[in-house]
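Examination of the molecular architecture
These are the residues of each chain, in order.
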Amino acid sequence: MIRAYKFLLRPTARQEAVLQATLADHCSLYNGALQERRDAYRHISKSAIRYGHQSAQLKAVRAFDPERQGRWSFSSQQATLSRLDKAFQAFFKRVKAGQTPGYPRFKGVGHFDTVTFPKDGDGCRWDSTPHDKHTRVRLQGVGHVRVHQYRPVKGRVKTVSMKREGRRWYVILACDEVPAEPLPATGSIVGIDMGTVHFFTDSGGNHVENPRFLEAMSEELAAAQRHLDTFPKRTKRRTKKHRAAARKVAKLHAKIRRQRLDHHHKQALALVREHDVIGHEILNTAGMTKTPAPKPDPDNEGSFLPNGAAAKAGLNRSILDAGWGLFLGILAQKAESAARRVIPVDARNTSRTCPPEIGGCGYVAKENRVTQAKFECVKCGLVENADRVGALNVLHRAGLVLCVEA
């Protein structure tokens, strides 16, 4: 089993300056490799330059500027080139699928925040032996950096990444061969229905409230953003006040992100502890939050009819604030570690089907969903909470999956 660990780094002032230089040099390498690909496509008969070509040039690049490039490990620079190659692979995949391509863009130093060392011991070394009661990680060119390790690392450290988030620095360890920690069987199976009014509702009718972290801090975030918008968009040199305003907005977003992550971990752990099998809907969050296409007015050329984009924007904000995709990913990881089972099922008509689990007739109709909160079957007259109906149908479909496998 694979698991990731994320720990806060506590570098000295000198080490932090070197870490900043590390990101700047890898950002320069990334942008240079991107420019080479663009130039080759435009001017050399549209020839393709791939990762293998650019990786083979690294030795010459390091020799050209040994003082700067020689400070960082060869494998970490290869990982940066591999990161660019993956961006291009994703770009061509979207082109073939007919989606919005999104050509890879140049990175500003402030937006390039991660350097990866593909192998522990090659340019980095995770040292789990405490030094002066503190764990340290050794990074080539930086030295031994103190780590705030709040839990033990299990398994074999495979890759080490250094990441900057705002004014904080983190080390991320990807470990394989992590032993599972099975929980005692409970004999319980549950279905959950994700929502925006309630974060989720289980098949037993229990509601978990949606904390709405973004909405709770919307006024403070809006005030900080308005203050930031008073500064010119593009200036040659940002002032101290401009940088402080930008840090304020970033700090608020980081706080919201941490609150959401903490909430998702706690709720996922509670589900895994109480149930052996957990069913949930397969949700296409990207499609659900897509902006409606404009509707041309046939009677007035060049104008458009109302398409509900303003109302949809509020729903999109609520969906993204809930973070369903993040939660389901965390749930799957915790279930795997605890030897539990998570079963994703088709989400179609889960809220429109009269649930057989509580004696319903199984009739499917749009009219069954009377309101956002009320379900009333037009055939058998069953009345139930609409979110619980969705959870019950998810439970039913997850049970069918288990029956087929048995």
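Now for a quick tour of the structure. For clarity, every value in this text was computed on a predicted model and none was experimentally measured. (Residues numbered from 1 in each chain as written. Predicted model: local features only at pLDDT ≥ 70, side-chain atom pairs only at ≥ 80, totals over all residues. Heavy atoms only, no water.)

Attention shifts here to empty space enclosed by the protein. For the structure on display, the rule yields 1 cavity of 30 Å³ or more. In this structure, the largest cavity encloses a volume near 50 Å³. Looking at the lining of the largest cavity, the elements with two or more residues in it are helix H1 (13-43) and strand S2 (114-117). Across the lining of the largest cavity, the residue classes break down as 7 nonpolar, 5 polar and no charged. (1 Å grid on protein atoms, 1.4 Å probe; cavity = no way out; pocket = protein on both sides within 12 Å on 5 of 7 lines; lining within 4 Å. Points joined across faces, edges and corners; volume = space filled by probe spheres on them. Helix = DSSP H or I, 4+ residues; strand = E, 2+ residues; numbered from the N terminus. Nonpolar A, V, L, I, M, F, W, Y, C, P; charged D, E, K, R; others polar.)

Okay, the packing of aromatic side chains next. Think of a pair of aromatic rings as described by two things: how far the centres are apart, and how the planes are tilted against each other in angle. Tallying each qualifying case throughout the model produces 11 aromatic pairs. Ring geometry for Phe88 and Phe92: centres 6.4 Å apart, planes at 35 degrees, overall tilted. Note that Phe88 and Phe92 are positioned in helix H5 (residues 74-96) at a spacing of 4 residues, about one turn of the helix. Judged by relative accessible area, Phe88 falls into the buried class, the value being 5%. One aromatic cluster is present, formed by Tyr5, Phe7, Trp126 and Tyr150 through successive ring pairs. In this arrangement the basic side chain of Arg83 is found over the ring face of Phe112, its NZ or CZ atom lying 4.3 Å from the centre. (Phe/Tyr/Trp six-rings, centres within 6.5 Å; stacked < 30°, edge-to-face > 60°. Buried < 20%, exposed > 50% of the residue type's maximum accessible area, 1.4 Å probe, protein only. Lys NZ or Arg CZ within 6 Å of the ring centre and 35° of its normal.)

For Pro152, the location among the structural elements is in the loop between strand S5 (143-148) and strand S6 (156-165). Residue class for Pro152 comes out exposed when judged on its relative accessible area of 56%. For the pair Pro152 and Ser73, spaced 79 residues apart in the sequence, the C-alpha separation amounts to 27 Å.

Right, let's get into the sheet that holds strand S10 (residues 207-209). What the 5 strands build is an open sheet, ordered S10-S9-S8-S11-S14; its pairing is mixed. Since the sheet does not close on itself, it has two edges, and those belong to S10 and strand S14 (341-345), each with one partner. Shown here is a sheet whose adjacent strand axes are inclined to one another by a mean of 25 degrees, direction ignored. Note that strand S11 (residues 277-281) and S14 share 5 bridges and pair parallel. (Pairing = 2+ DSSP bridges. Axes fitted to C-alpha atoms, helices over the stretch in contact; angles between N-to-C directions.)

A separate point is a positive patch on the surface. A surface patch of positive charge is lined by Arg10, Arg168, Lys251, Lys255 and Arg258. The element best represented in the positive patch is helix H8 (residues 240-274), accounting for 3 residues. By secondary structure assignment, the location of Arg258 is in helix H8. (Patch = residues over 30% accessible without salt bridge, like charges linked within 9 Å, V, L, I, M, F, W, Y side chains within 5 Å. Areas by Shrake-Rupley, 256 points an atom, 1.4 Å probe, with all protein chains shown as cover. Salt bridge = Lys/Arg side-chain N within 4 Å of Asp/Glu carboxyl O. Lys, Arg positive; Asp, Glu negative; His and termini not counted. Charge placed at Lys NZ, Arg CZ, Asp CG, Glu CD.)

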